[in-house]
Amino acid sequence: MEEAFRRLSGSLDGELRRDEPMARHTSWRIGGPAALFAVCDTLKDLGLVTRVLAEESVPFTAVGKGSNLLVADEGYAGAVVTLGRGFMRHSVGEGRLEAGAGTALAFVVQEAFREGLDGLAFAVGIPGTVGGALAMNAGSKDEWIGELVESVTVFVPGEGLRRLRGSEVEWGYRTSSLPGEGIIVECVLSVCSGEPVRIRAEMDRNFRMRRNTQPVGKASAGSVFKNPGEDSAGRLIETAGLKGARLGDAVVSTVHANFIVNEGDATAADVLGLVRRIQMTVKEIHGVELRPEIRFLGTPKEA
Ligand SMILES: Cc1cc2nc3c(=O)[nH]c(=O)nc-3n(C[C@H](O)[C@H](O)[C@H](O)COP(=O)(O)OP(=O)(O)OC[C@H]3O[C@@H](n4cnc5c(N)ncnc54)[C@H](O)[C@@H]3O)c2cc1C
């Protein structure tokens, strides 16, 4: 790690940090230090960072805004690679919207509306970056970003840029078959012109739905578990009597039972302990195994 840090210091257009507290980079405001934290501003940065990390045998993970991540209290012994300014741009053309993977999804949603483009209203209120949304195939029950992807460009370490057509990628329920070792750098979304009044109405409806059914303003990572089949994880957790269940400062939201909120100083151990308790109780009462939707970084341990 020391050697990787030494070799990369002063060589990036972006930034390089040691022992960066990941609590600063997750919507849960939880997580110990990443041994190395590289903000890559250019493709040159990505090439250099991934080459040096490979040569020094340092593992890495791409992170967007950390809105779907539980990072261990002990932190992550590898490198976090995140996209900086050079990957935060967008352009709009005939029936298409091109966006850098570091761009906030919320910004892209607003820009699409400003340009009178339809198709992204489902994403109102989904935090995170375009890259994170593609990696997770973010969306609602009925619509997800993968459906709009005309092409996606991934930086594959040791290989370079790989451009995939949207139809070449398998878009599953909060998963995609994009190369796991790759870093998504940009995408082209297929969008068509729509009636602004109708788009605005749909965006407002989605916004209101979130405000009325989710613990807006509280530190969370959205839905913790995937919905099993046609059932709802939130319903199963609520009817298992777990709304308001608490471990340390991690609490099952009283507004939406599939959200765990950080009421102050929750740790990853608290959240994971609560996750296990929910899984056991729901299994006992409903006979259903809930699977996490959130992703893990490092090795969180249960409280
Ligand atoms: C209040 C709230 C509401 C939410 N509502 C929804 C919702 O309605 N629907 C929904 O789908 N999700 C929802 N989420 C979850 C989350 O916002 C999405 O999964 C989001 O797309 C994650 O983006 P991110 O940039 O924060 O990714 P991160 O959390 O940083 O990362 C998530 C995963 O993507 C990978 N990743 C990130 N960037 C890249 C990249 N450039 N290249 C390769 N891999 C990458 C990471 O390695 C990780 O595995 C919600 C979260 C919150 C806090």
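Residues numbered from 1 in each chain as written. Predicted model: local features only at pLDDT ≥ 70, side-chain atom pairs only at ≥ 80, totals over all residues.

1. Notes on the overall build of the protein chain
Test applied: The secondary structure listing takes helices from DSSP runs of H or I that are at least 4 residues long and strands from runs of E that are at least 2 residues long, numbered from the N terminus. Radius of gyration here is computed from C-alpha atoms only, and the compact-globule reference equals 2.2 Å multiplied by the residue count raised to the power 0.38. Between the buried cut of 20 or more and the exposed cut of 12 or fewer other C-beta atoms within 10 Å of a residue's own C-beta lies the partly exposed class, and all C-beta atoms are placed from the backbone. Here contacts are defined at the residue level, using C-beta atoms placed from the backbone and a cut-off of 7 Å between them.
From N to C terminus, the protein chain includes seven helices and 16 strands. For 303 residues, the compact-globule estimate of 2.2 N^0.38 gives 19 Å, and the protein chain sits close to it at 20 Å. C-alpha extents for the protein chain along the principal axes are approximately 55 × 50 × 30 Å. By the burial criterion, 44% of the 303 residues in the protein chain qualify as buried. Look at the contacts in the protein chain between residues 6 or more apart in sequence, and 67% of them connect residues 24 or more apart.

2. Some remarks on the sheet that holds strand β3 (residues 60–62)
As a reminder of what qualifies: Any two strands are treated as partners once DSSP identifies two or more bridges connecting them. Here, axes are lines fitted to C-alpha atoms. For helices the fit covers the stretch in contact, and angles between N-to-C directions go from 0 to 180 degrees.
Here we have four strands laid out as an open sheet, ordered β1-β2-β5-β3, and mixed in their pairing. The open sheet has two edge strands with one neighbour each: β1 (15–21) and β3. For this sheet, the mean inter-axis angle between neighbouring strands, taken without regard to orientation, is 25°. Where strand β2 (residues 33–40) lies against strand β5 (residues 76–83), six bridges are found, and the strand directions are parallel. From the neighbouring strand, A34 faces β5, where its bridge partner is Y76. Against the sheet, helix α2 (residues 43–55) engages β2, β3 and β5, with an angle of about 150° to β2.

3. Focus on the domain arrangement of the protein chain
Worth spelling out the cut-off: These domain boundaries are the output of an automatic or database domain assignment. Note on residue categories: nonpolar means Ala, Val, Leu, Ile, Met, Phe, Trp, Tyr, Cys or Pro, charged means Asp, Glu, Lys or Arg, and polar means any other residue, Gly included.
The assigned domain composition of the protein chain is domain 1 (2–85), domain 2 (89–199) and domain 3 (215–297). Distance from the C-alpha centre of domain 1 to the C-alpha centre of domain 2: 23 Å. Across the boundary between the two partners, domain 1 contributes 13 residues, which contact 12 residues of domain 2. Ranked by the residues each element gives to the side of domain 1 that touches domain 2, the list is headed by α2, at four residues. Grouping the constituent residues of the side of domain 1 that touches domain 2 by class yields six nonpolar, six polar and one charged.

4. Let's talk about the sheet that holds strand β7 (residues 96–100)
Taken together, five strands build an open sheet; the order of strands is β6-β7-β12-β8-β9 and the sheet is antiparallel. The two strands at the open ends of the sheet, each matched to only one other strand, are β6 (90–93) and β9 (160–165). The average angle at which neighbouring strand axes cross in this sheet is 15°, direction not considered. Strand direction decides the pairing type here: β6 and β7, joined by four bridges, are antiparallel. Across the sheet, the residue bridging to H90 is A99, located in β7.

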